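Now for the letters of each chain:
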Amino acid sequence: MRGTLALVLAGGRGSRLRDLTDKESKPAVPFGGKYRIVDFPLSNCINSGLRRICVLTQYKAHTLIHHIQRGWGFLRSEVGEFVELWPAQQQTAAGSWYQGTADAVFQNIERIQAHGAEHILVLAGDHVYRQDYSKLMASHLRSQADVSVACIEVPRLDATAFGVVDVDDHDTITGFLEKPADPPCIPGQPDRAFASMGIYLFRADFLLKVLEEDARDPASARDFGKNILPSLLGKARMVAHRFEESCVYPPHSRDVPYWRDVGTLDAYWASNLDLVAVTPDLDLYDPAWPIWTCQVQRPGAKFVFDEPDRRGMAVDSVLAAGCIVSGGAVSHSLLFHDVRVNSYSRVKDSVLLPEVDIGRHARLTKCIVAARTQIPSGLVVGEDPEEDAKRFLVTEGGVTLITQDMLDRLDL
């Protein structure tokens, strides 16, 4: 792993998260009470023994850069360990910003060459999962592949939402299809398909050669999934790596590998609430595989008042440091740091981002409340879908997004 350089592609906007990414990129969006999404691939690198990491940024990168600088500066450059930030700098003759995932890497070829890596691990910075990349590397070396693509099994009918990898009986890749209407199945498993996880492991010299060839193609969209990998079919050895072989499972279960693309509001809401389960499939309490982050220094969560109609309490929920539940009730919800739930209010099936303040007598059900939003006293959301749709953004899955801008426009 010391000869490997990890490139975390963290420049995407994540437009399907709507207002949550108006001011910061998708990898910088808070997740799980105290983390940001980018912490998961970065932590996987550290825990896998991979400590030469570069984070490529572009869209509204200030929050992300600030987070990396504050939370990921503990590696020792004296022994060749680092997390470097590579913002888009219009480094090619065309003077363009990153035009796609492959172009983001191509524009940094000189920096990559300066690090003298033998292998390049390309990672998406916006997925939630735990993976041991050293096992991916071992599989890559055994197969003598030019490129390995990490893949997760999904129901074949659900694979229409993913980039799908077609393989033969030996997991050699024979095709790439972007969101196909009729996804190919895994050999011997007619109801399952391989979805690409956006994780690619290349021989470094091979990758740089391929990127230079792609840069000369005016028809290319400069994307790994759409252009680079399909162009290598029949020309290079490409192998699908099964995520189940390198997934870091929770101690209590090895049933289903956990990987989530939290790219929609519904998926983001559901993935956060996955964590409130008695035994969550994503085990953040596992000391053997910690998720590292920039630690917010706050006091412990506090619950005050114990009267029949004014009891500060939370059940089946996760509350981060600094939260105060002051005579309100929280159930099956996840609260980020410094959230305040005031007297007689009720919060259920909801995700409250940092510094949200819930006013008295408010009732919220199945909501995402954006950071620093002040919920006015008496506001009721989640009980009348038609009324909610007139005032806020309601997803297809029935999740209501509330932001301070929305409340200001309504003069609430």
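A few points on the structure. (Residues numbered from 1 in each chain as written. Predicted model: local features only at pLDDT ≥ 70, side-chain atom pairs only at ≥ 80, totals over all residues. Heavy atoms only, no water.)

## Topic: the pattern of salt bridges
- Inspection of the entire model under this criterion finds 18 salt bridges.
- The shortest N-O distance in the salt bridge between Asp146 and Arg203 comes to 2.7 Å. With Asp146 in the loop between α5 (133-143) and β8 (147-155) and Arg203 in strand β11 (residues 192-203), this residue pair connects regions lying 57 residues apart in the sequence.
- On the basis of relative accessibility, which here comes to 28%, the residue Arg203 falls in the partly exposed class.
- Between Arg391 and Asp388 there is a salt bridge whose closest N-O contact spans 3.4 Å. Of this pair, Arg391 and Asp388 both sit in helix α9 (residues 385-391), separated by three residues, roughly a single helical turn.
- Residue classification places Asp388 among the buried positions, given a relative accessible area of 2%.
- Linked by salt bridges that have partners in common, Glu153, Asp171, Arg192 and Arg242 make up one network. (Salt bridge = Lys/Arg side-chain N within 4 Å of Asp/Glu carboxyl O. Helix = DSSP H or I, 4+ residues; strand = E, 2+ residues; numbered from the N terminus. Buried < 20%, exposed > 50% of the residue type's maximum accessible area, 1.4 Å probe, protein only.)

## Looking at the packing of helix α6 (residues 204-215) against helix α7 (residues 224-231)
- Relative orientation of the contacting elements α6 and α7 amounts to 110°, with a least axis distance of 11 Å. With respect to α7, the element α6 is oriented roughly perpendicular. α6 and α7 meet at a crossing whose hand is right-handed. Contact with α6, carried on its side by Leu207, Val210, Leu211 and Asp214, involves Phe224, Asn227 and Ile228 of α7 and no other residues of that element.
- Within the contact of α6 with α7, the residues separate by chemical class into five nonpolar, one polar and one charged. (Axes fitted to C-alpha atoms, helices over the stretch in contact; angles between N-to-C directions. Parallel < 35°, antiparallel > 145°, perpendicular 65-115°, else oblique. Left-handed = near helix turned anticlockwise from the far one by under 90°. Contact = heavy atoms within 4.5 Å. Nonpolar A, V, L, I, M, F, W, Y, C, P; charged D, E, K, R; others polar.)

## Brief notes about unusual backbone geometry
- One non-glycine residue, Gln144, adopts positive backbone phi at about 55°.
- With respect to the helices and strands, the residue Gln144 is situated in the loop between α5 and β8.
- Residue classification places Gln144 among the exposed positions, given a relative accessible area of 68%.
- A positive phi angle, close to 65°, is found at Asp171, a residue other than glycine.

## Focus: the side chain of Asp283
- Secondary-structure assignment places Asp283 in the loop between α8 (265-274) and β14 (302-304).
- One buried charged residue, Asp283, remains without a salt bridge, the closest side chain of opposite sign being Arg130 at 5.3 Å.
- A polar atom in the side chain of Asp283 sits 2.9 Å from the backbone nitrogen of Tyr285.
- Non-local contacts of Asp283, meaning those with residues more than four positions away in its chain, are made with Arg130, Pro250 and Pro251. (Lys, Arg positive; Asp, Glu negative; His and termini not counted. Polar contact = N/O pair within 3.5 Å; in protein donor to acceptor, adjacent residues only side chain to side chain.)

## Some details on the sheet that holds strand β30 (residues 393-394)
- As summarised here, the arrangement of the six strands in space is β18-β21-β24-β27-β31-β30, forming an open sheet in which the pairing is mixed. Only two strands of the sheet have a single neighbouring strand rather than two, namely β18 (318-319) and β30.
- For β30 and strand β31 (residues 400-402), the ladder comprises two bridges, and the chain directions are antiparallel. Its bridge partner lying in β31, Val394 is registered against Thr400.
- On the sheet, α8 packs against β21 (334-335), β24 (351-352), β27 (367-369), β30 and β31 and is oriented at approximately 95° with respect to β27. (Pairing = 2+ DSSP bridges.)

## A closer look at the pairing of β8
- The buried fraction of β8 is high, at seven of nine residues.
- Of the strand pairs in this sheet, β8 and β11 are connected by eight bridges, and their pairing is antiparallel. Pairing of Val147 across the sheet is with Phe202, part of β11.
- As judged from the five bridges shared by β8 and strand β12 (residues 238-242), these two strands associate in the parallel manner. In the sheet register, Ser148 faces β12, and the bridge partner there is Val239.

## Some remarks on the sheet that holds strand β20 (residues 329-331)
- Strand order in this open sheet of five strands is β17-β20-β23-β26-β29, and the pairing throughout is parallel. Sheet topology places β17 (313-315) and β29 (380-381) at the edges, where each strand pairs with a single neighbour.
- As defined by bridge partners, strand β26 (residues 363-365) adjoins β29 across two bridges and the pair is classed as parallel. In the sheet register, Leu364 faces β29, and the bridge partner there is Val381.

## Focus: α6
- Here α6 contains twelve residues, and its C-alpha end-to-end distance of 17 Å stays within 8% of the 16 Å for a straight helix at 1.5 Å per residue.
- Of the positions making up α6, those classed as buried are Ala204, Phe206, Leu207, Leu208, Val210, Leu211 and Asp214.
- Here the buried face of α6 lies against α3 (101-106), α4 (109-115), β6 (119-124), β11 and α7. (Expected span 1.5 Å × (residues − 1).)

Such coordinate-based values are descriptive only and should not be taken to indicate function.
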